[in-house]
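Topology and contacts: notes
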Amino acid sequence: MMSASLATWVVLLPLIGFGFNAASGLLFKDRQLQKKMVAYVAPGVVLLAFVLALGLLGALASAPDHRLFAPLVPGTSLQHPWLSIAGFKADFTLVVDPLSVLMALIITGVGGLIHVYATGYMAEDRDQPRFFTHFNLFIFMMLLLVMANNFLLMYVGWEGVGLCSYLLIGFWYVNSDNARAGNKAFIVNRVGDLGFTLGVLATWSVFGTISFFNPAGGGAMQMAAHVGGAVDALGHPVPQAMLTLICLLLFVGVVGKSAQIPLFVWLPDAMAGPTPISALIHAATMVTAGVVLLVRCSWLYVQSPLALHVVAWVGVLTAFIGATIALVQTDIKRVLAYSTVSQLGYMVLACGVGAFSAGMFHVLTHAFFKALLFLGAGAVIHAMLGEQDMRRMGGLRKYLPAVWGVMLVATYAIAGVPPFSGFFSKDPILDAAARAFSGDGAALYAIGLFTALMTAYYMNRLMWKTFYTEPRFVDGQLPDKHPTNYPEEKHEGEGHGHLHSVPPSMMIPLYILAVLSAIGGLVLGPTGVFERFLAPSVAPLSLGGLQEGQPLFSTTVGYIVSAIVAIVGLSIAAYLYRQHLQTGELLPEEAKRSNLLYRFLDARWEFDAVYEWLFVRGGAQVARFLWKSLDEEIIDGIVEGIGALVAWVGRTGRRLQTGYVRNYALIMFLGGVILVIGLLAGLMRY
């Protein structure tokens, strides 16, 4: 029990850091001392939480069913209620199982490295304490999300990371574009969250509980795992149609949070925030929440072939669309953003074909190489005084050799070149897709493989445009583009106008992530360590009576094909850009503008344009119609009409108030006459 209680402090330590950072302005009057203390505390609490999370690994080894429970609030029991209303119960219980511990290690480990990196990246920003305040809160909310033992507590974390993303994406709020990007992320996620909410309510209505597991049995996932099919709280079989409805509603939440089509449009705009938050969102926190939900509820999904089929196709199409858009991006962070959309599609595809462990393994390796890519891009941006456009870069291998080296490792990892980590996580997904139970494995595999080719191409394109082609800038004449909420203040960097050096606080996390990106997959993948570790937390396809289809070819052949595809994609980019070293562009701007395919991809498949026309402008038109027609003409007309009627009655009645006694006497006399006539009329009836 003592070991399980570590989970409480794993979750609460970042919250303590949040409280300290928020109060730091009151504790330290000296601004520089405040920033220094925040820079120690914010990463410190996250890294300490990582150490405690490591301790949970030992506790799991001896736990029955590899599952333990711990209270969120120290000093309370597991039975301590949070809500208990008319049969609806929720508590503050955390679940400690392989899935939650894995995610806790990713969030605090990779997240801790990003925090260390951010101490250098944000050192000169006046609002650094506010940044780390939101940063620590983000970690707390994500830990709460992945370790919660019921849907309601998970929902608090789910909404919490949405709030933190809004605060951090719009961190440099003086620029209205950044503020709009934060609004966009928040609003689009509300669409997905509506589906998630309905899914939670449907789960409770069927199973009578919102807890995933219960020490004595009776959790929703335990009832779903019943031999012979899911049963409700009374032991009655749950209709498959109801299971499918629950799964699809929950998947709407996944589509929003994990940026799947059609709700992926918020994620690229999330690049408006500081690069460390981009890395945290993309690598270790928010966007993986949907994949965690799919795996947590795998006991439901394996019993709904239709829901799995929808999940698989949404995933593979998202992977494909994200990769095509990344082909033409010129902003270094946007290339990586659409890469994240594509890689998330792979993770969702894995869950859709029942390969939940493969999906989570890609979550792990993706955390390594995507954090490395974003932080490497951040180092480039820092050195270039805030420049993010690759058209104004080139030749940076000479100036930033260490950054080039680590980003090369990350590029090979995401491209799937053996023996880098991405090879050992992406290829099992493609292998599982080829053997999909639904019988459409050939199509899923073909799309996934072509997407892998595009991934290798656009990542090496990024490397060539940034590091290999001729410099398209003049060192010493670089414009200062560092974002700030105080534009009237000049940037206080070293040698304004010259390339900046990258401080050790930023490089050390890059080196650690480079090692993990290089060997993480090799150590955990082929050995089977990861799959055995996660097995107690995922449902087998056989639970739903499903079986894998026949493979297109042997697993070994598939791995060889995938490796060749990665190398071919890298080679195509190198061959093409080697011929355009001077400009770093394959086509002149005039040719791009006249190329329909290029314009279509550059317009992001017109998703934003359609949403702008349908929801933003269309919504404004509907609102204007309701305002003018319903509000002003009908509602205001009724209210003003009643007022006019009352005024007319008042004016008319006022004429009776003459002040003459004879007039009042006459009125009293007439009233008496009417009363007598009424009485006589009543008597005449008898």
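Position labels on residues start from 1 in each chain and follow its written sequence. Since the coordinates come from a predicted model, pLDDT governs what is reported: local features require at least 70, and pairs of side-chain atoms require 80 or more to be given and counted, while whole-chain, interface and lining totals use all residues. Neither water nor hydrogens contribute to the side-chain values; these are computed over all heavy atoms in the structure.

**Some details on the overall build of the protein**
Keep this limit in mind: Only DSSP runs of H or I reaching four residues or more are called helices, and only runs of E reaching two or more are called strands; each is numbered from the N terminus. Note on definitions: a residue-residue contact is assigned when non-hydrogen atoms from the two residues lie within 4.5 Å. Here the accessible surface of atoms and residues is derived via Shrake-Rupley with a 1.4 Å probe, and residues count as covered only by protein chains that are part of the display. The convention is simple: Lys and Arg are positive, Asp and Glu are negative, and His and the chain ends are not counted. A charged residue contributes its charge at one atom only: NZ of Lys, CZ of Arg, CG of Asp or CD of Glu.
A count of helical and extended segments in the protein gives 26 helices and 4 strands. Expressed along its principal axes, the backbone C-alpha trace of the protein runs to roughly 110 × 70 × 55 Å. A fraction of 81% describes how many contacts in the protein between residues 6 or more apart in sequence connect residues 24 or more apart. For the protein, the exposed surface amounts to about 28,500 Å²; the carbon and sulfur share of it is 68%. Side-chain charges of the protein comprise 41 positive and 39 negative groups, with the mean position of each set lying 5 Å from the other.

**Some thoughts on the pattern of salt bridges**
Just so we agree on the cut-off: The salt bridge criterion pairs a side-chain nitrogen of Lys or Arg with a carboxyl oxygen of Asp or Glu, the two atoms within 4 Å. Throughout this description, buried means an accessible area under 20% of the type-specific maximum (1.4 Å probe, protein chains only), exposed means over 50%, and partly exposed covers the range between.
Considering all chains together, one arrives at 21 salt bridges under this definition. As a salt-bridge pair, Arg-391 and Asp-389 come within 2.8 Å of each other at their nearest N and O atoms. Using a relative accessible area of 34% as the deciding quantity, one classes Arg-391 as partly exposed. Within the structure, one salt-bridge network assembled from shared partners comprises Glu-387, Asp-389, Arg-391, Arg-392, Lys-465, Lys-481, Glu-585, Glu-589 and Lys-592.

**Side note on the environment of Met-122**
As for its placement among the helices and strands, Met-122 is situated in the loop between helix H3 (98-121) and helix H4 (128-147). A sequence separation of 87 residues divides Met-122 from Lys-35, and the C-alpha atoms of the two residues are 9.9 Å apart. The contacts of Met-122, once residues within four sequence positions are left out, are Gln-128, Phe-131, Phe-171, Trp-172 and Pro-274.

**Quick look at the side chain of Ser-339**
Tracing the sequence through the fold places Ser-339 in helix H14 (residues 332-352). Each residue touching Ser-339, except ones within four places of it in the same chain, is listed here: Ala-326, Lys-370, Ile-414 and Tyr-458.

**Concerning a nonpolar patch on the surface**
The following threshold applies: Patches in this entry comprise residues that are over 30% relatively accessible and not in a salt bridge; like charges within 9 Å are linked, as are nonpolar side chains (Val, Leu, Ile, Met, Phe, Trp, Tyr) within 5 Å.
Nonpolar side chains collect at one region of the surface, where Val-622, Phe-625, Leu-626, Leu-630, Ile-634, Ile-635, Ile-638, Val-639, Ile-642 and Val-646 lie side by side and expose about 930 Å² of accessible area between them. Structurally, Val-639 is set in helix H25 (residues 607-654).

**Concerning the packing of aromatic side chains**
Stated precisely, the cut-off is as follows: Stacked, tilted and edge-to-face are the three classes applied to pairs of Phe, Tyr and Trp rings, where Trp contributes its six-membered ring and a pair requires centres within 6.5 Å; stacked means planes under 30 degrees apart, edge-to-face means over 60, and tilted covers the rest. Note on criteria: charge over ring means Lys NZ or Arg CZ within 6 Å of the ring centre, with the direction from the centre no more than 35 degrees off the ring normal.
For the coordinates displayed, the defined rule picks out 26 aromatic pairs. Geometrically, the ring pair formed by Phe-131 and Phe-132 is edge-to-face, given 5.3 Å between the ring centres and 80° between the ring planes. For the pair shown, Phe-131 and Phe-132 are each scored as buried. In this structure an aromatic cluster arises from ring pairing among Phe-131, Phe-132, Phe-135, Phe-171 and Trp-172. Lying across the ring of Phe-186, Arg-190 places its NZ or CZ 4.2 Å from the centre.

**Re H25**
Here is the rule: What is called the bend at a residue is the angle between a pair of axes, fitted to the seven residues leading up to and ending at it and to the seven starting from it.
At Gly-637, H25 is bent by approximately 40°, the largest bend along its length. Here H25 has its buried residues at Phe-607, Asp-608 and Tyr-611. Where the residues of H25 are buried, they touch helix H6 (176-207) and helix H13 (305-326).

**Digging into the environment of Phe-135**
Along the polypeptide, Phe-135 turns up in helix H4. Between the C-alpha atom of Phe-135 and that of Pro-43, which follows or precedes it by 92 residues, the distance is 9.5 Å. Apart from residues lying up to four places away in sequence, Phe-135 is in contact with Ile-114, His-115, Ala-118, Leu-168, Pro-276, Ile-277 and Leu-280.

**Here we look at the confidence of the model for the protein**
Filter applied, for reference: For every residue, the predictor reports its confidence as pLDDT, a number between 0 and 100.
Averaged over every residue, the pLDDT of the protein is 90; residues scoring 70 or more account for 98%. A low-confidence stretch, residues 491-495 stays under pLDDT 50, and its non-local contacts, those more than four residues away or across chains, total 10 contacts.

**Re the environment of Ile-508**
Relative to the helices and strands, Ile-508 is located in helix H20 (residues 504-524). Along the chain, Ile-508 and Tyr-117 lie 391 residues apart, while their C-alpha atoms are 7.9 Å from each other.

**Quick look at the packing of H4 against helix H10 (residues 275-284)**
Two measures define how a pair of helices packs: the angle their axes make with one another and the distance between the axes. Threshold: Working convention: axes come from line fits to C-alpha atoms, limited for helices to the stretch in contact. Angles between N-to-C directions cover 0 to 180 degrees. Small angles under 35 degrees read as roughly parallel and large ones over 145 as roughly antiparallel, with 65 to 115 read as roughly perpendicular and the rest as oblique.
Contact geometry for H4 and H10: axes closest at 11 Å, N-to-C directions at 5°. Classed by the angle they form, the pair H4 and H10 counts as roughly parallel. Of H10, the residues touching H4 (which contributes Phe-131, Phe-135, Phe-138, Ile-139 and Met-142) are Pro-276, Ile-277, Leu-280, Ile-281 and Ala-284.

**Some details on the pairing of strand S3 (residues 88-91)**
Heads up, the condition is: By definition, two strands form a pair when at least two bridges between them are found by DSSP.
Pairing between strand S2 (residues 81-85) and S3: 4 bridges, direction antiparallel. If you follow Ile-85 over to S3, its bridge partner there is Phe-88. Between the antiparallel neighbours S2 and S3 lie 2 residues, among them Ala-86 with a positive phi of about 50°.

**Concerning the side chain of Lys-257**
To keep it simple, the criterion reads: Any pair of N or O atoms that falls within 3.5 Å is considered a polar contact. Within protein, one atom must be able to donate a hydrogen and the other to accept it, and sequence-neighbouring residues count only if both atoms are side-chain atoms.
Its place among the elements puts Lys-257 in helix H8 (residues 240-257). Buried charge Lys-257 goes without a salt bridge, the closest partner of opposite sign being Asp-193 at 4.0 Å. Here Trp-158 takes part through its backbone oxygen, which lies 3.1 Å from a polar atom of the side chain of Lys-257. In this structure, Lys-257 is in contact with Trp-158, Val-161, Gly-162, Asn-189, Arg-190, Asp-193, Trp-266, Met-286, Val-287, Ala-289 and Gly-290, ignoring residues within four places of it in sequence.

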